[in-house]
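Each chain, letter by letter, is given below.
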Amino acid sequence: MRYPLIVFDWDGTLFDSAAVIAECIQLAAHEMALPVPDRETASHVIGLGLNDSLRHAMPSLLPERYAEFLALYRHHFQEREDGLSLFAGVDVLLEELRQRGHLLAIATGKPRRGLQRALQASGLGPLFAASRCGDETRSKPDPAMLVELMRELAVDRRDLLMIGDTSHDLGMARSAGVDAVAVGYGAHSADSLRLLEPRSCVGNVVELRQWLATNA
């Protein structure tokens, strides 16, 4: 086994939610009469912690209004949450990895409450040995999430593979000194992800499953 521990991002990697997250950022900005970020800008901040996302996507928003913005964003997202789902084949992939003996974990910019709701709704919670969320430690691309997961699960950096759909995921992996695979079907374009030199950049869950069967 090349990678005893495989760490996944959530939104845009396992869960088909990137487009809705960007839309909800835009809706909240519009309701607060703020400059509405374009889709590329709104998508770029997916994966960051909420405060870091706002600093990048909404630079004119005063920090004292962050809570107001986040309340509007959460309202719009929760209205749409029940209509979201895992990417096709994700549940089968994760079950296969567990059966082969891999430890699985999550490193996400989502707050803990949001991840818990998603894990409960998807039924995937029991498959993961550990997780780190954006409101618990330093935001991607800081390596803190991966460093903490390695410490908790007693895994060395050479034994960990990070899988994500954003440059923030790949930057975190690089900073932590671990290998990474990019998925080009989420928030950031495949071309932008390849610039960060992941071990591979796959176009769908089927390709990811094939790569992991051969290389992980």
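Our subject is the structure that appears above.
Residues numbered from 1 in each chain as written. Predicted model: local features only at pLDDT ≥ 70, side-chain atom pairs only at ≥ 80, totals over all residues. Heavy atoms only, no water.

What follows concerns the layout of surface pockets. By volume, the largest pocket is sized at about 450 Å³. If you trace the largest pocket, you find 29 residues lining it, with Leu50, Tyr73, Gly109, Lys110 and Pro111 closest to the centre. Secondary structure elements with two or more residues in the lining of the largest pocket: helix 1 (18-31), helix 3 (50-57), helix 4 (66-81) and helix 6 (112-122). (1 Å grid on protein atoms, 1.4 Å probe; cavity = no way out; pocket = protein on both sides within 12 Å on 5 of 7 lines; lining within 4 Å. Points joined across faces, edges and corners; volume = space filled by probe spheres on them. Helix = DSSP H or I, 4+ residues; strand = E, 2+ residues; numbered from the N terminus.)

Okay, the environment of Ser122 next. If you trace the backbone, Ser122 turns up in helix 6. When the C-alpha positions of Ser122 and Ala28 are compared, they lie 26 Å apart, and in sequence the two are 94 residues distant. Residues in contact with Ser122, not counting those within four places in the same chain, are Trp10 and Leu86. Within polar-contact distance, the side chain of Ser122 engages the backbone oxygen of Ala118 at 2.9 Å. Looking at Ser122, its side chain comes within polar contact range of the main-chain nitrogen of Leu124, at 3.3 Å. (Contact = heavy atoms within 4.5 Å. Polar contact = N/O pair within 3.5 Å; in protein donor to acceptor, adjacent residues only side chain to side chain.)

Tallied over the full model, the rule gives 16 salt bridges. Where Arg65 meets Glu68, a salt bridge forms, and the shortest distance between an N and an O atom there is 3.2 Å. Under the relative-accessibility criterion, Arg65 is labelled partly exposed at 30%. Of the residues examined, Glu68 reaches a relative accessible area of 40% and is grouped as partly exposed. The partner of Arg209 in a salt bridge is Glu96, with the nearest N and O atoms 2.3 Å apart. Of this pair, Arg209 sits in helix 10 (residues 205-215) while Glu96 sits in helix 5 (residues 90-99); the two residues are 113 residues apart in sequence, bridging distant segments of the chain. (Salt bridge = Lys/Arg side-chain N within 4 Å of Asp/Glu carboxyl O. Buried < 20%, exposed > 50% of the residue type's maximum accessible area, 1.4 Å probe, protein only.)

Read these as geometric descriptors, not functional statements.
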